[in-house]
Amino acid sequence: MKRLITIAVALLVCMTLDSVAHAEPLEALTLRQGDVRIVKLADGGKVSDLQGVIDTGGAPSAIPIFSKGAALHGVVAVDLYQQPGEYHMTVYEAASKRALFTKVLIVKQGEFEKSVSPRWNTQVFGQADLDRIAREKQAIAEALRTSSSQPLWQDGTIYPIEKTGHTGLMTTSFGQIRMNPAQDWFRFHRGTDFQAPEGFSIWAIAAGRVAHIGHDYLLEGNITVIDHGLGVFSSYLHQSAFLVKIGDEVKKGDVIGRVGSTGNSNAPHLHLALRIGAALVDPTQFIETMRQP
């Protein structure tokens, strides 16, 4: 009888592990700098059954995992500044830390548009300004350290500016390479710019909680940061007015502020940025990916 009980327990454990072991490694996943992809990890089970990490040479980054239908999916994000190369993502059984599969992640150089102009990269900041920028960056970084354990975005996504005949056009794409012909270096555009006049409504791209409000930052101007859960954060820069406060819960499409030209900006527009964990990624890819059925 004791032997039969032992066998039954062993079979039960195997069945439990098998519920999350149906995940089979696909062929190597190829992404470019700044890309976002949803990858199916398992046919069933609970989110708490799995853990996933991406090893890109530094500290491994966690893969946000969520359920969709009966399956478990992961959000794979590649940072804008990630060096092209071959890396690995591994999915574990959470309880035992047993690796279920490892697959190759190939990162290629981003195909970003290039803008060459003598107006780029001409600002010179004194030490006082540099100290101020560092303090403001630190305040934003502090807000990014705490995120909801739930995927709050799962009711879908929306673009932040209503598309009309004169608004909502993407005027500067994510990753644009900005070069000054008098210099031998360049800067990336770290978000996506949307055309809109002063005072135009800004929509939350997905449900979440307001994690940070920055008043009149030197670079970002008036900035709102929203936590969408599992380490996903959207940021809305250069606003003329705030319509939310820290801690407010927002729904997709809620008006959170007004378009402006505060901070390092030459004309009214919205600069939208998105982070997934430590990865700075193309916000339009996230919006489009999460709109898919």
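These remarks concern the structure in this document.

**Remarks on the sheet that holds strand S20 (residues 255-258)**
Pairing between sheet strands relies on hydrogen bonds along the backbone, with the strands arranged either parallel or antiparallel.
Right, so step 1: The 3 strands are arranged S14-S20-S18 in an open sheet whose pairing can be described as antiparallel. Of all strands in the sheet, those bounded by a partner on one side alone are strand S14 (201-203) and strand S18 (241-242).
Right, so step 2: Looking at chain direction, S14 and S20 are connected through 3 bridges and run antiparallel. Within S20, the position partnered with Trp-203 by the bridge is Val-255.

**Concerning the nonpolar core**
Right, so step 1: Counting 32 residues, the largest nonpolar core has Trp-153, Ile-161, Ile-205, Tyr-236, Ile-256, Ile-276 and Phe-286 as its most contacted members.
Right, so step 2: Looking at this core, the elements that each hand over two or more residues are strand S6 (71-77), strand S15 (208-217), strand S17 (232-239), strand S21 (269-276), strand S22 (279-281) and helix H3 (283-291).
Right, so step 3: Filtering out sequence-adjacent residues up to four positions away, Ile-256 remains in contact with Ile-202, Ala-204, Thr-224, Ile-226, Tyr-236, Gln-239, Phe-242, Leu-243, Val-244 and Val-250.
Right, so step 4: Within the second largest apolar cluster, 19 residues are counted, among which are Ile-65, Met-89, Val-91 and Phe-101.

**Here we look at the side chain of Thr-192**
Right, so step 1: By the element assignment, Thr-192 lies in strand S13 (residues 192-195).
Right, so step 2: Taking the relative accessible area as the measure of exposure, Thr-192 reaches 1% and is therefore buried.
Right, so step 3: In contact with Thr-192, other than residues within four places in its own chain, are Met-170, Thr-172, Phe-174, Leu-270, His-271, Leu-272, Asp-282, Pro-283 and Thr-284.

**Section: the packing of aromatic side chains**
Right, so step 1: Taken as a whole, this structure holds 7 aromatic pairs when the rule is applied.
Right, so step 2: Measuring from ring centre to ring centre gives 5.5 Å for Phe-66 and Trp-153, while their planes differ by 80°; the resulting arrangement is edge-to-face. One end of the pair, Phe-66, is in strand S5 (residues 65-68); the other, Trp-153, is in the loop between helix H2 (127-143) and strand S10 (170-172), with 87 residues separating them in the sequence.
Right, so step 3: Assessed through its relative accessible area of 3%, Phe-66 is described here as buried.
Right, so step 4: With a centroid separation of 5.6 Å and an interplanar angle of 75°, the aromatic rings of Phe-112 and Phe-188 are classed as edge-to-face. In this pair, Phe-112 is assigned in the loop between strand S8 (98-108) and strand S9 (114-116) and Phe-188 in strand S12 (residues 186-188), connecting sequence segments 76 residues apart. Both residues of the pair, Phe-112 and Phe-188, belong to the buried class.

**Comments concerning the pairing of strand S7 (residues 85-93)**
Right, so step 1: In this sheet, S7 lies alongside strand S3 (residues 50-55) in antiparallel orientation, the contact comprising 6 bridges. Following the sheet pairing, Ile-54 is matched in S7 by Met-89.
Right, so step 2: Note that S7 and S8 share 9 bridges and pair antiparallel. Paired with Tyr-87 across the two strands is Leu-105, which belongs to S8.
Right, so step 3: Hairpin connection from S7 to S8: 4 residues lie between these consecutive antiparallel strands, with Lys-97 at a positive phi of about 65°.

Parameters and conventions
- Residues numbered from 1 in each chain as written.
- Predicted model: local features only at pLDDT ≥ 70, side-chain atom pairs only at ≥ 80, totals over all residues.
- Heavy atoms only, no water.
- Pairing = 2+ DSSP bridges.
- Helix = DSSP H or I, 4+ residues; strand = E, 2+ residues; numbered from the N terminus.
- Core = buried A, V, L, I, M, F, W, Y, C linked by side-chain atoms within 4.5 Å.
- Buried < 20%, exposed > 50% of the residue type's maximum accessible area, 1.4 Å probe, protein only.
- Contact = heavy atoms within 4.5 Å.
- Phe/Tyr/Trp six-rings, centres within 6.5 Å; stacked < 30°, edge-to-face > 60°.

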